[in-house]
Amino acid sequence: MDFSQVFNIAQLANALALASLLTILASGLALIFGLRDVMNFGHGALFMLGAYLGYTFSGLFNFWAALVIVPLLLAALGVAFEYLAIRPLQHRSHMDVALVTFGLALVLSQVVIKIWGTAPLQMEAPASLAGSIDLFGQRYPAYRIFLIAVGFGTCVALAVWLKYTRSGMHVRAVSQQPMVARMMGVNTDRLSLLVVCMGTGFAGLAGVLAGPYLSVDPAMGGSILISCLIVVVIGGLGSIGGAIAAAVIYGLIQVIGTLVSPTVAVMAPYLLLFFVLLWRPQGLGRGRVA
């Protein structure tokens, strides 16, 4: 095999496009886990719902309107998730909460199938991003460059918010020492509502961005959830920086593995997870919401 086909700028960009999508999803998942200690197994279903809503609103209005409306709708759904699932179960075991979120994922999947059916749908990229651009001498889809920019730009904005704003400081404090933060006057319930809405909003944003990049179908939530969980665990549960690093590594392994061998592409992420947990069980990150 000619490895010059593997290690070129186009394949690196493909890896970054996948990584940017996973980074948005993993950041939302890590935020909720870091503050609420809840592993939301419904995150993939929220991503799928965001993709279908993006398809619908793109048809009714345009892609740019969907990119604004859908994350707001999913953030509103996060309010219901917080009040109807997380708060009533906050004193229950992790397994109870995980099963509830898994059940919500099954319900959302059936709702999506009932409304949109099971046939795959294709969402078109906006006309301004439909072509290709010159990327260091190679033609490359403009939409994927946009996906990379939005994905990593969102994570930079999230990191700035966590580090330099008062509410971000409170999120970091509650994720590390919740009892001390409450004693210092931090309203943890209000903060939890904000973080859960942000997490579900991120799932909606990722869903809309994935529409022109992936096929929109009912199975997309389950497949991406597995990848997202691998990224979150490798990055370190609750660590935003670790999730970004793990997403880039995962994207590179998937893209290069697909070119080398489909079997390698399937097995490599699980082998990476295995070795990281053996070498560094806490993951690559430095801690929760870090």
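Residues numbered from 1 in each chain as written. Predicted model: local features only at pLDDT ≥ 70, side-chain atom pairs only at ≥ 80, totals over all residues. Heavy atoms only, no water.

A few words on the overall build of the protein. Regarding its fold elements, the protein presents 11 helices and two strands. Secondary structure elements of the protein, listed N to C terminal, follow the sequence α-α-α-α-β-β-α-α-α-α-α-α-α. Its C-alpha atoms give the protein a radius of gyration of 19 Å, within 12% of the compact-globule value 19 Å for 290 residues. Counting every position in the protein, which comprises 290 residues, the buried fraction comes to 51%. When contacts within the protein are restricted to residue pairs at least 6 apart in sequence, those whose partners lie at least 24 apart make up 79%. Summed over all atoms, the accessible surface of the protein reaches about 13600 Å², with 69% contributed by carbon and sulfur. (Helix = DSSP H or I, 4+ residues; strand = E, 2+ residues; numbered from the N terminus. Rg over C-alpha atoms; globule rule 2.2 N^0.38 Å. Buried < 20%, exposed > 50% of the residue type's maximum accessible area, 1.4 Å probe, protein only. Contact = heavy atoms within 4.5 Å. Areas by Shrake-Rupley, 256 points an atom, 1.4 Å probe, with all protein chains shown as cover.)

Together, Ile-226, Val-266, Met-267, Tyr-270, Leu-271, Phe-274, Phe-275 and Leu-278 make up an exposed nonpolar region whose accessible area comes to about 830 Å². Examining the composition of the nonpolar patch, we find that seven residues originate from one element, helix H11 (residues 262-279), more than from any other. Note that Phe-275 resides in helix H11. Its relative accessible area of 52% is what places Phe-275 among the exposed residues. (Patch = residues over 30% accessible without salt bridge, like charges linked within 9 Å, V, L, I, M, F, W, Y side chains within 5 Å. Salt bridge = Lys/Arg side-chain N within 4 Å of Asp/Glu carboxyl O.)

Taking 1.5 Å of rise per residue, the 23 residues of helix H8 (residues 188-210) would be expected to cover 33 Å, and the 32 Å separating its terminal C-alpha atoms lies within 8% of that figure. Where burial is concerned, most of H8 is hidden: 19 out of the 23 residues are buried. (Expected span 1.5 Å × (residues − 1).)

A few words on the packing of aromatic side chains. Going through the model one piece at a time under the given rule, you end up with eight aromatic pairs. In textbook terms, an aromatic cluster arises when at least three aromatic residues are bridged by ring pairs, as seen for Phe-63, Trp-64, Tyr-143 and Phe-146. (Phe/Tyr/Trp six-rings, centres within 6.5 Å; stacked < 30°, edge-to-face > 60°.)

To continue, consider the nonpolar core. With 78 residues, the main nonpolar core has Leu-21, Phe-63, Phe-146, Leu-158, Leu-209 and Val-231 as its most contacted residues. Broken down by element, the residue count for this core peaks at 15 residues, all from helix H1 (residues 9-36). In this structure, Leu-21 is in contact with Leu-147, Ala-206, Leu-209, Ala-210, Tyr-213, Leu-214 and Ile-224, ignoring residues within four places of it in sequence. (Core = buried A, V, L, I, M, F, W, Y, C linked by side-chain atoms within 4.5 Å.)

Looking at where Asp-217 falls in the secondary structure, it is placed in the loop between H8 and helix H9 (220-235). A distance of 2.8 Å separates a polar side-chain atom of Asp-217 from the backbone nitrogen of Ala-219. In this structure Asp-217 touches Met-48, Tyr-52 and Pro-120, once residues within four positions along its chain are discounted. (Polar contact = N/O pair within 3.5 Å; in protein donor to acceptor, adjacent residues only side chain to side chain.)

Before going further, it helps to examine the pairing of strand E2 (residues 138-141). Pairing geometry for strand E1 (residues 132-135) and E2, over four bridges, is antiparallel. In the strand pairing of E2, Ile-133 is matched with Tyr-140. A loop of two residues connects E1 with E2, the two strands running antiparallel in sequence, and Phe-136 in this loop sits at a positive phi of about 50 degrees. (Pairing = 2+ DSSP bridges.)

A word on the packing of H1 against helix H5 (residues 142-164). Remark: H1 packs on H5, axes separated minimally by 8 Å, with the N-to-C direction vectors making an angle of 35 degrees. Every pair of crossing elements has a handedness; the one defined by H1 and H5 is left-handed. Between H1 and H5, the contacting residues are Ala-13, Asn-14, Leu-16, Ala-17, Ala-19, Ser-20, Leu-21, Thr-23, Ile-24, Ser-27 and Leu-31 on the first element and Arg-144, Leu-147, Ile-148, Gly-151, Phe-152, Cys-155, Leu-158 and Leu-162 on the second. (Axes fitted to C-alpha atoms, helices over the stretch in contact; angles between N-to-C directions. Left-handed = near helix turned anticlockwise from the far one by under 90°.)

Take the side chain of Ser-27 next. Along the chain, Ser-27 falls in helix H1. With sequence-adjacent residues up to four places away left out, Ser-27 is seen in contact with Cys-155, Leu-158, Phe-202 and Ile-240.

A rise of 1.5 Å per residue sets the reference length of helix H2 (residues 43-60), with its 18 residues, at 26 Å; its end C-alpha atoms lie 25 Å apart and thus fit the reference within 8%. The buried fraction of H2 amounts to 14 of the 18 residues, a majority that puts the element mostly inside the structure.

Another point: the confidence of the model for the protein. Looking at the protein, the pLDDT average stands at 84 and 95% of residues meet or exceed 70. No element of the protein has a lower mean pLDDT than helix H7 (residues 178-183), which averages 75, and none a higher one than H2, which averages 94. (pLDDT = per-residue confidence, 0-100.)

Their axes nearest at 9 Å, the elements H1 and H9 cross at an angle of 70 degrees. Considered as vectors, H1 and H9 are oriented roughly perpendicular to each other. Judged by the sense of rotation from one axis to the other, the crossing of H1 with H9 is right-handed. For the pair formed by H1 and H9, the contact residues are Leu-21, Leu-22, Leu-25, Ala-26 and Leu-29 on the first element and Ile-224, Ser-227, Cys-228, Leu-229, Val-231 and Val-232 on the second. Residues that form the contact of H1 with H9 fall into these classes: 10 nonpolar, one polar and no charged. (Parallel < 35°, antiparallel > 145°, perpendicular 65-115°, else oblique. Nonpolar A, V, L, I, M, F, W, Y, C, P; charged D, E, K, R; others polar.)

This brings us to the environment of Met-179. Within the secondary structure layout, Met-179 lies in helix H7. Residue class for Met-179 comes out exposed when judged on its relative accessible area of 56%. Measuring from C-alpha to C-alpha, the distance between Met-179 and Pro-126 comes to 48 Å, with 53 residues separating the pair along the chain.

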